[in-house]
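Here's the letter readout for the chains.
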Amino acid sequence: VVRFLGENQLLRADPHESPAQMARRARRERGSFGTWLLHHYLFFRVPLFKPDRWLGALAPRCAPLLSPAFRNLSLLALAAGALGVYRDWTRFSASVADSLTASGLLSYLLALGAVKCAHELGHALTAKRYGCRVPAMGLAFLVLWPVPYTDTSDAWRLRSHAARLRIAAAGVATELTVAAWATLAWVLLPDGMLRQAAFALATTTWVATVAVNSSPFMRFDGYFVLCDWLRMPNLHARAFALARWQLREWIFGAGLEPPEYHPRATRALLIGFAWLTWAYRLALYLGIALLVYHFFIKLVGIFLFAVELGWFILRPLAGELAVWRALWPRLPSRRRAPRVAAIAAGLLLLLCVPLPTRIQAGAMAHAAQSVPVFAPVHAQVAVMPFGEGARVKEGEVLVRLLSATGDARLAAAHARVERLRWQAGTAGFDPEQRRVSGSLEEELATAAAELAAAEQESARLAPRAPFGGTLRDLDPDLAPGTWVHRNEKLALLVGDGPVEVDGYLDEATVHRIAVGDRAHFYPDGDGPVLTLTVSAIDRDATRVLPSGMLAAERGGLIAARERQGSWIPEHAVYHVSFRAEGAAGAHLSAVRGKVVVAGAWEAPARDFFNAFFSVLWREAGF
């Protein structure tokens, strides 16, 4: 206690020793130049102006915006705006895609800047309302990224817990109010620049508030609101101290006194909150390290990447290990630590032990024999001898079509061939015909070829079944007298042969399977589960999916985008053919589902090390 009081300058100073103590304190707080540079690179503030005087004049004029009546009115605006967006969700979601342009991104940046300024003004006006002094407003730089800030540290002088809570939540409340009115404005305004501005303001505010400011894992508004709500200042530091104490108890069983006493449930919640905060910050700091690595030249990026990892991740670990080293000689029993280390090593080794793998992929099941029936030309249906699900024998006519141009061409070809044959037959009785008999033979051969082509075209108007099977996917509106377009699909003839399944595996998993492996197909919706065997694996990646039904946008499992009517996979996928066992294809036309393959045994850590070393090798060159 005495040391704490002395470090915080709460003791009466000794006139003989205080100058030296203050000099040592100043040197310790100032630190080295490298420490100063590191701190100011990660975070520093630039005060721009002193707003206290004009805030005192502005606060009374803005009092209606802080009243319960305006809050209730904003809640009504939020409900009306949410209802309008729900009813017009298609246009709202399409506006998100349309705004991903250079001008759209610029509008988002401007909206974000305006919202953040309103956020800080909400803090300042609320603090001023409760009599606090606001000494500075300006820009804070988080890893060189500018964000507005307001100094409301004077709020800690307030005795009222409710007042401190309102000041901490004022920024988020301001953003939510702006979002509510901007959403309602998007619903009410006509298409144009104002509606686009309202859309950018609404979406930016919702995302910024929910994703950033409301998070209690960093020292943003959500954290301070949580501290005031729990009435537990310095929540991070206290939760971290409890979590570190619990970790030492788990590892060493030292029986140390906890940093502070809480009920069992409260202590468990604080420790869980600390672990969640550590995991969140680990992901965030790794992301920041990657960003600074990519935003700067490579040499500077590597240095800043190392700084981020060292300062935010390795330095806390080194500090905790130093505490363990100091704690080790004072432990009453040292038997638990080796057991905990052995258990941890065993768990790590399990990641390197090969385990059976189950690989899932999007797939389509269909009959091995299937032929679509198309209209060869623009024609009229003359006869429909079969209906949906009808059994068809090999060689039977599936549909008979009439084409005015085709019939006229066939009749003209027939008439020309008959005329030329008659002329050639009477050439022996007419000297003039004998003289041109050679040219008549050539004309007859040409006419015969044209007749064969016309007959072939006529045969296409009456397609026949190449094999026996079942007629599927027949258009119910198709009837005699109906006109059909060229290349319009009329039906699908499904054979009685076996069922085949076409699956698509990504490059990270395709190496785990081989021809002959067992698999199962699970259809989307009702249908039997099929037992499969891998029959073929393509060596090259598939460039275009054969059907949009496999794309994620259509409910499939493959990430793909549509381009000029074709579906292009977002990443490399490989076509794998499966053969179904004991299943007939007469009842199947095309069924979407997923295929699960029992792949080769593989260690869980293999994918991680493959990805890690591939990235390391890719980034190793300058």
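This write-up is about the structure you can find in this document.

What counts and what doesn't
- Residues numbered from 1 in each chain as written.
- Predicted model: local features only at pLDDT ≥ 70, side-chain atom pairs only at ≥ 80, totals over all residues.
- Heavy atoms only, no water.
- Helix = DSSP H or I, 4+ residues; strand = E, 2+ residues; numbered from the N terminus.
- Core = buried A, V, L, I, M, F, W, Y, C linked by side-chain atoms within 4.5 Å.
- Buried < 20%, exposed > 50% of the residue type's maximum accessible area, 1.4 Å probe, protein only.
- Contact = heavy atoms within 4.5 Å.
- 1 Å grid on protein atoms, 1.4 Å probe; cavity = no way out; pocket = protein on both sides within 12 Å on 5 of 7 lines; lining within 4 Å.
- Points joined across faces, edges and corners; volume = space filled by probe spheres on them.
- Nonpolar A, V, L, I, M, F, W, Y, C, P; charged D, E, K, R; others polar.
- Polar contact = N/O pair within 3.5 Å; in protein donor to acceptor, adjacent residues only side chain to side chain.
- Pairing = 2+ DSSP bridges.
- Axes fitted to C-alpha atoms, helices over the stretch in contact; angles between N-to-C directions.
- Parallel < 35°, antiparallel > 145°, perpendicular 65-115°, else oblique.
- Phe/Tyr/Trp six-rings, centres within 6.5 Å; stacked < 30°, edge-to-face > 60°.
- Left-handed = near helix turned anticlockwise from the far one by under 90°.
- Patch = residues over 30% accessible without salt bridge, like charges linked within 9 Å, V, L, I, M, F, W, Y side chains within 5 Å.
- Areas by Shrake-Rupley, 256 points an atom, 1.4 Å probe, with all protein chains shown as cover.
- Salt bridge = Lys/Arg side-chain N within 4 Å of Asp/Glu carboxyl O.
- Expected span 1.5 Å × (residues − 1).
- Bend = angle between axes of the 7 residues up to and from the residue.

Brief notes about the environment of A77
Along the chain, the position of A77 falls in helix α5 (residues 68-87). Separated by 100 residues in sequence, A77 and T177 have C-alpha atoms that sit 9.0 Å apart.

A closer look at the nonpolar core
By size, the foremost hydrophobic cluster in this structure holds 21 residues, and its most contacted members are V381, V399, L401, L471, V484 and L490. In terms of residue count, the dominant contributor to this core is strand β11 (residues 489-495) (three residues). Beyond its immediate sequence surroundings of up to four residues, L401 is in contact with A375, P376, A379, Q380, V381, A382, L461, V484 and L490. Core analysis: the second largest hydrophobic core is formed by 20 residues, A363, V501, V534 and A580 among them.

Thoughts on empty space enclosed by the protein
Enumeration over the complete set of coordinates arrives at two cavities of 30 Å³ or more. Approximately 50 Å³ is the volume attributed to the largest cavity. V373, M384, L398, V399, L471, L474, L478, L490 and A491 are the residues that line the largest cavity. Taken together, the residues of the lining of the largest cavity break down into nine nonpolar, no polar and no charged.

A closer look at the side chain of H119
Note on placement: H119 falls in helix α7 (residues 102-129). For H119, a relative accessible area of 2% puts it in the buried group. Residues contacting H119, with those up to four places away along its chain left out, are G171, V172, T174, E175, N213 and D221.

Let's talk about the side chain of R195
Within the secondary structure, R195 is located in helix α9 (residues 193-213). Under the relative-accessibility criterion, R195 is labelled buried at 8%. Within the structure, the side chain of R195 is placed 2.7 Å from the backbone oxygen of W186, a separation counted as a polar contact. Ignoring sequence-local partners within four residues, the contact set of R195 consists of D88, R91, W186, V187, L189 and P190.

Thoughts on the sheet that holds strand β3 (residues 145-150)
By way of backbone hydrogen bonds, the strands of a sheet pair with one another, either parallel or antiparallel. Across the sheet, which stays open at both edges, the three strands sit in the order β1-β2-β3 with antiparallel pairing between neighbours. Here the strands that pair on one side only, and so sit at the sheet edges, are β1 (43-49) and β3. Pairwise comparison of adjacent strand axes, ignoring direction, gives a mean angle of 30 degrees for this sheet.

Quick notes on the sheet that holds strand β5 (residues 370-374)
Judged by pairing direction, the sheet is antiparallel, and its four strands sit side by side in the order β5-β11-β9-β7 without closing on themselves. Edge positions in the sheet fall to β5 and β7 (391-392), since each of these pairs with one other strand and no more. In the sheet, β7 pairs with strand β9 (residues 469-472) via two bridges, with the strands oriented antiparallel. Bridged to R391 within β9 is T470.

Comments concerning the packing of helix α11 (residues 235-252) against helix α12 (residues 264-295)
Following both chains from N to C, one finds α11 and α12 inclined at 100 degrees, their axes separated by 8 Å at the closest point. Considering their axes alone, α11 and α12 lie roughly perpendicular with respect to each other. Contacts from L235, H236, A239, F240, L242, A243, R244, W245, Q246, L247 and W250 of α11 reach α12 at R267, L270, I271, F273, A274, W275, T277, W278 and R281. Classifying every residue of the contact of α11 with α12 by side-chain character gives 14 nonpolar, three polar and three charged.

Here we look at the packing of aromatic side chains
Applying the stated rule across the entire model yields 13 aromatic pairs. Between F70 and W181, the aromatic rings sit 6.3 Å apart at their centres with planes inclined by 20 degrees, giving stacked as the arrangement. Separated by 111 residues along the polypeptide, F70 in helix α5 and W181 in helix α8 (residues 161-188) bring together distant segments of the chain. Judged by centre distance (5.2 Å) and plane angle (65 degrees), the rings of Y223 and F224 are edge-to-face.

As for the packing of α11 against helix α13 (residues 298-327)
The contact between α11 and α13 brings their axes to 12 Å, and the two run at 50 degrees. Judged by the inter-axis angle, α11 sits oblique to α13. Once α11 is placed against α13, the crossing between them reads as right-handed. On α13, the residues that touch R244, L247, R248, I251 and F252 of α11 are E320, V323, W324 and L327. Per-class residue counts for the contact of α11 with α13 are six nonpolar, no polar and three charged.

Quick notes on a nonpolar patch on the surface
Together, L144, L291, F295, F296, I297 and V300 give the surface a local cluster of nonpolar side chains, amounting to about 600 Å² of exposed area. Using a relative accessible area of 43% as the deciding quantity, one classes L144 as partly exposed.

A closer look at α13
An ideal rise of 1.5 Å per residue puts 44 Å on 30 residues; α13 measures up with 41 Å between its terminal C-alpha atoms. Approximately 40 degrees is the largest bend angle found in α13, and it occurs at L314, with the proline P316 only one to four residues beyond. Among the residues making up α13, those that are buried are G301, L304, V307, E308, W311, I313, E320 and L327.

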